Structure formats: C-alpha cells, structure tokens
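Tertiary structure, described
Letter by letter, the chains look like this.
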Amino acid sequence: MLALTFANALNAQNDNFNSGGPFNQACVKADSLDATFNTAVSQMEYALQCAGEAPARGSKAGKVFPRTIGTDGKLVKVGPLDWCSGFFAGSLWQVYDFTKDPMWRQKAEQWTWAVEEAKSYRGTHDLGFMIGNSFGKGYELTGDTALLNVLIEASRTLISRFSPQVGCIRSWDFNRDRWKFPVIIDNMMNLEMLFRATQLTGDSTFWHVAVTHANTTMKNHFRQNASSWHVVDYDPQTGRVRERCTFQGHADDSYWSRGQSWGLYGFTMSYRFTRDEAYLRHARRIADFLLSLPNMPSDGIPYWDMKMPEVEHAKPSQPNASVPRDASSAAIMASALYELAAYVDAATSERYRATADHILGSLSTRYRAPQGTNYGFLLLHSTGHLPGNSEIDVPLNYADYYYLEALMRQRRWSQALR
Ligand code: GLY
C-alpha cells in the first residue's frame, strides 16, 4: 500500500481508499533528494542570520518576519498580522522535520511564538496560512499542546468570518463600495486548520464550516474547464453571486496562476480529510486542466497568469521571456500533485508525480538563489501581485515554504516506493 504509506505521512485519518497499487516509475534517487534538501538547509541558516533574533516569547512582535526583497534590494519584513507571517516559522519546522536537529526546533518554536498575536485577529481570512502553517506544523511535529491551543483559538477566530447565508468564510474587508462579501479561491487553503481543529478537539463546528465553504466554492468559483476565478462576490443577505472577477490576475476571465494552484491544493487537501469523492474528482479536473495547458513553459514553471495575449500562443519550448513567472505557483502545484498522486490509480499517480518531479527539478536547478545571497530566500522568480505593481519577479517566503513541503513529499514518495 504505497499510497497509504504516503497518506499516513500526511496524517490521513481514513485509509479507506484505493492505493493504486505498485508504481513502476523509477523514482528520483533518495541521495540526490537529500543533497537538494541539504542545500536548502544551508541557505536557511543564512536566512536565520539575515532575519536576526526572534522576539522574546510574550513580547509584541513588530515587523520581524522576512517576506520578500523590495525594489530597493532590502529585505522586506512584516508583522504578525500580515498574511505571510507564518511561513518563515513553517519553513523552519520543515527543516527541523528533515534534520531532526534540536537547534532547528528551537528556532522554529521561537519564530512560531512570535506569530501568536494573530490568533485573535478577526480582520483576515488568512489565519490558516498564519497560524496553521506555524503553530499547526509545529504541533504535528512535536505534539506540544501549547501550540495546539493557539491553533484552536485561531480556528475559533477564523470561523467568526463565516456566513451561513453565503456558505463561505468572508475573505476581504476592503473595497466595500464594490464588494459585499468577497471570497477568493486562496481561502480554500485556510480550511486545513479547521479540519485539524475538529480532529483535535472533537468539535464538529470547524468541520461544518470547512465543508460548507468548500462546497460553495466548488459550485461557484470554477468555470467549465476547471479553471477558477480569483474573486467571487456574494450578496450577504441571499448568498447570490453578485460578481466574478479578478484582483491579482490579468483579467476577470484569465487564469491567474497561483489561484489555480490554491484551488488544486485546497480540494486535494479537503479530500484528505473528508474522503468526499466529489472533492477528489474536482481536484483531478483542476490538475488535468493545469497539465494540459498548451502554453505551459517546458520547465513547468507557469507565467504569473496563463491567459494573456502575451503568452496565449507562446510555445512551451520558446516561452515569452519578458513575462514574469511565478515560482510560488509552481511550488504549490508540485506539493499538491504529490498528495493527489496518493489518491488516484497507478498510471495517473505516476503522471502527477512525474510532473511534480519535473517542476521541482526546474526549481532546484534554475530558480534557486545562489547560496549566501538574497537574504537566505530559497527561490527566485515569484510574482505576488503584478497588477498592483508589487512583488514582481522576486523571492517570496511562501514560495520557499511550499517548495520545502514539496521536497519533503517527494522524499516520502521516494521512501514509499523503495
Ligand atoms: N492571497 C494570497 C496570494 O497572493 O496568493
């Protein structure tokens, strides 16, 4: 049961699924995977140096979390209420997971507690990113109940943004003159913390919110070809869809790359917890849409948006070099594909893993920052918000987080296939 071995590693709670049987693909060699990860570990040591000391536990953290590099070449740090606050700690946890070195655990703990203030912040839907990927990752690896308590409190805070009329957690509070109840595809990612909160407390309220949000999103956020809109705005009184549009993408009907990856990851993860076949079918449709994009550059790293006149007819072998890529989207996609590969038949599993291996190969060889540069960020060439003229072709801490996660998943596959 190879897939089961892998799914267990992902804390799957229910092994009643089709393992897909033995795979015959020669997997990437474990030694070379470890070498790749070790290079990342060295760079993360440099990232720690650049970040400086974590704030003392219990003190109010200011702008201390490395997020990206600014146009002035300086390290951009954000505070605990920024949606990216938890990724640095989450990356440190993943290095600890790989090395099992207590030094990394100590650093991960310090940087995790610096995020604590976010647990009661009701002004964001991103608490899954902020708390789930820091406190949650730490709890999975240590079983420390102090970390768990923060995750539960954050989950309570997050569900305060849920509307039963709409059937979703509200994403944003800005643009109130235009949007009444905006929900973005990214929000699927925050459900993981809620599923975990129910598993860990037995309180089904979190689960109910997560499932309802996923069902509403599956119904309203996707086009016929399984691509997704970025923003769906709802009428908060009736739950009716008011508008479907974009904020970070090229156009309302375009394929904003990271959004497509969030959707893939979100429905794969939702299947992990619920075993609802509708989520699995949906995740597969998204994966198949992404894998069949005729203009995907041959290295597997998408443009920041895949549907724009500049790239629509670009050949994979001759990508338009003037259009920025999004390495973060690629890393999220690779990580999701490794998980999805555990839930499908052997041939499909092999195809998904081969794609994820290809993406990781490209990221590791052509998108990595040279050792000791770029303030310790791992990946170059991500795009945060191009229409906002923000974070274009830069390192981003969440690209690094999902890259490390994908590397760990690749390693688990390699072990499962041995
Ligand atoms: N909202 C998270 C992102 O920019 O993908």
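Within any chain, residue numbers begin from 1 and follow the written order of that chain's sequence. The predicted nature of this model means local features are confined to residues of pLDDT at least 70 and side-chain atom pairs, given and counted, to a pLDDT of 80 or more, with totals for whole chains, interfaces and linings taken over all residues. Just so you know, side-chain values use all the structure's heavy atoms and leave hydrogens and water out.

1. Side note on the packing of aromatic side chains
As a reminder, the rule being used: Classification of ring pairs rests on two measures: the distance between centres of Phe, Tyr or Trp rings, Trp counted by its six-membered ring, which must be within 6.5 Å, and the angle between planes, read as stacked under 30 degrees, edge-to-face over 60 and tilted in between. Note on conventions: DSSP H or I runs of at least 4 residues are helices, E runs of at least 2 residues are strands, and numbering of each starts at the N terminus. For every residue, the accessible area (1.4 Å probe, protein chains only) is compared with the maximum for its type, and the residue is labelled buried under 20%, exposed over 50%, or partly exposed between those bounds. Only lysine NZ and arginine CZ atoms are considered, and such an atom sits over a ring when it is within 6 Å of the ring centre and within 35 degrees of the ring normal.
Taken as a whole, this structure holds 29 aromatic pairs when the rule is applied. Judged by centre distance (5.0 Å) and plane angle (70°), the rings of tyrosine 271 and tyrosine 343 are edge-to-face. Of this pair, tyrosine 271 sits in helix H9 (residues 257–274) while tyrosine 343 sits in the loop between helix H12 (327–340) and helix H13 (346–366), placing them 72 residues apart in sequence. A single burial state applies to tyrosine 271 and to tyrosine 343, both of which are buried. Among the aromatic side chains, those forming a connected cluster through ring pairs are Trp83, Phe87, Phe129, Trp262, Tyr265, Tyr398, Tyr401 and Tyr402. The lysine or arginine in question, arginine 57, covers the ring of tryptophan 113, its NZ or CZ lying 3.7 Å from the ring centre. Between the NZ or CZ atom of arginine 353 and the centre of the ring of tryptophan 413, over which it lies, the distance is 4.7 Å.

2. Re the pairing of strand S6 (residues 231–234)
Rules: Strands were regarded as paired on the criterion that DSSP finds at least two bridges between them.
Side chains Val231 and Asp233 project from S6 onto one buried face, and the interleaved Val232 and Tyr234 project onto a second face that is buried too. Two strands pair when backbone bridges link them, and strand S5 (residues 182–184) and S6 are joined in this way by 3 bridges, in the antiparallel orientation. In the strand pairing of S6, isoleucine 184 is matched with valine 231. Sheet analysis places S6 next to strand S7 (residues 241–245), joined by 4 bridges and oriented antiparallel. Directly across from aspartate 233, in S7, lies its bridge partner glutamate 243. Where S6 folds back on S7, the antiparallel hairpin that results is connected by 6 residues, among which glycine 239 adopts a positive phi of roughly 80°.

3. Here we look at the confidence of the model for the protein
For residues with low pLDDT, the predicted coordinates do not support detailed interpretation. As a reminder of what qualifies: Confidence scores per residue from the predictor, reported as pLDDT, run from 0 to 100. Whether two residues touch is decided by their heavy atoms; if any such pair falls within 4.5 Å, the residues are in contact.
Of the residues in the protein, 93% have a pLDDT of 70 or more, and the chain-wide mean is 94. No element of the protein has a lower mean pLDDT than helix H1 (residues 2–9), which averages 49, and none a higher one than H9, which averages 99. Under a pLDDT of 50 for its full length, residues 11–27 has, in the predicted model, 40 contacts with residues more than four places off or in other chains.

4. Digging into the pattern of salt bridges
Here is the rule: Note on definitions: salt bridges are taken to be side-chain nitrogens of Lys or Arg within 4 Å of carboxyl oxygens of Asp or Glu.
Taken as a whole and assessed by the stated rule, the structure comprises 25 salt bridges. Across the pair glutamate 140 and arginine 196 runs a salt bridge, and its minimum N-O distance is 2.7 Å. Here glutamate 140 is found in helix H5 (residues 127–142), whereas its partner arginine 196 is found in helix H7 (residues 191–201), with 56 residues between them in sequence. Taking the shortest distance from any N to any O, the salt bridge between arginine 161 and aspartate 173 comes out at 2.8 Å. Placement of the pair is arginine 161 in the loop between helix H6 (145–159) and strand S3 (162–163) and aspartate 173 in the loop between strand S4 (168–169) and S5, with a sequence separation of 12 residues.

5. Here's the deal with unusual backbone geometry
In this structure, lysine 100 is a non-glycine residue whose phi angle is positive, near 55°. Mapped onto the elements, lysine 100 comes out in the loop between helix H3 (87–99) and helix H4 (102–113). Although it is not a glycine, alanine 226 adopts a positive phi angle of roughly 80°. With respect to the helices, strands and loops of the structure, alanine 226 is situated in the loop between helix H8 (204–220) and S6.

6. Points about the site of the ligand
Quick note on the threshold: Only a single heavy atom is needed: when it lies within 4 Å of a molecule or strand, its residue is near that molecule or strand. Any N or O atom pair separated by 3.5 Å or less is treated as a polar contact, with the protein-specific requirement of one donor-capable and one acceptor-capable atom, and with residues adjacent in sequence counted only for side-chain atom pairs. Only the protein chains shown count as covering a residue, and every accessible area follows the Shrake-Rupley method with a 1.4 Å probe. Ten residue types, Ala, Val, Leu, Ile, Met, Phe, Trp, Tyr, Cys and Pro, are classed as nonpolar, four, Asp, Glu, Lys and Arg, as charged, and the remainder, Gly among them, as polar.
The environment of the ligand is made up of Trp83, Asp186, Gln248, Trp256, Arg258 and Trp262. Glutamine 248 places a side-chain nitrogen or oxygen 2.8 Å from an oxygen atom of the ligand. When the free accessible area of the ligand is taken as 200 Å², the share hidden by the protein chains comes to 94%. Across the shell around the ligand, the residue classes break down as 3 nonpolar, 1 polar and 2 charged.

7. Observations regarding the pairing of strand S1 (residues 65–69)
The element S1 is extensively covered by neighbouring structure, given that 5 of its 5 residues are classed as buried. Hairpin connection of S1 to strand S2 (residues 75–78): 5 residues between the antiparallel strands, including glycine 73 at a positive phi of 85°.

8. Notes on the sheet that holds S7
Through backbone hydrogen bonds, the strands of a sheet pair up, either in parallel or in antiparallel fashion. This is how the line gets drawn: In this analysis an axis means a line fitted to C-alpha atoms, helices contributing only their contacting stretch, and an angle means the value between N-to-C directions, from 0 to 180 degrees.
The strand order S5-S6-S7 describes an open sheet built from 3 strands, whose pairing is antiparallel. Each edge of the open sheet carries a strand with a single partner, namely S5 and S7. The sheet shows a mean angle of 20° between the axes of neighbouring strands, direction not considered. Sheet strands touched by H8: S5, S6 and S7. Its angle to S6, the strand with the most contacts, is close to 105°.

9. Re empty space enclosed by the protein
Rules: Only protein atoms enter the 1 Å grid, on which a cavity is a set of points fitting a 1.4 Å probe that cannot get out and a pocket is an open set with protein on both sides within 12 Å along at least 5 of 7 lines, lining residues being those with an atom within 4 Å of a point. Grid points are joined across faces, edges and corners, and a volume is the space filled by probe spheres set on the points.
Under the definition given, this model contains 4 cavities of 30 Å³ or more. Empty space within the largest cavity amounts to approximately 100 Å³. Around the largest cavity, the lining is made up of 15 residues, and of these Met44, Ala47, Phe88, Phe377 and Asp400 lie nearest the centre. Secondary-structure elements contributing two or more residues to the lining of the largest cavity are helix H2 (30–51), H3 and helix H14 (397–417). Here the lining of the largest cavity takes 4 residues from H2, the largest share from any one element. In terms of residue class, the lining of the largest cavity is built from 11 nonpolar, 3 polar and 1 charged.

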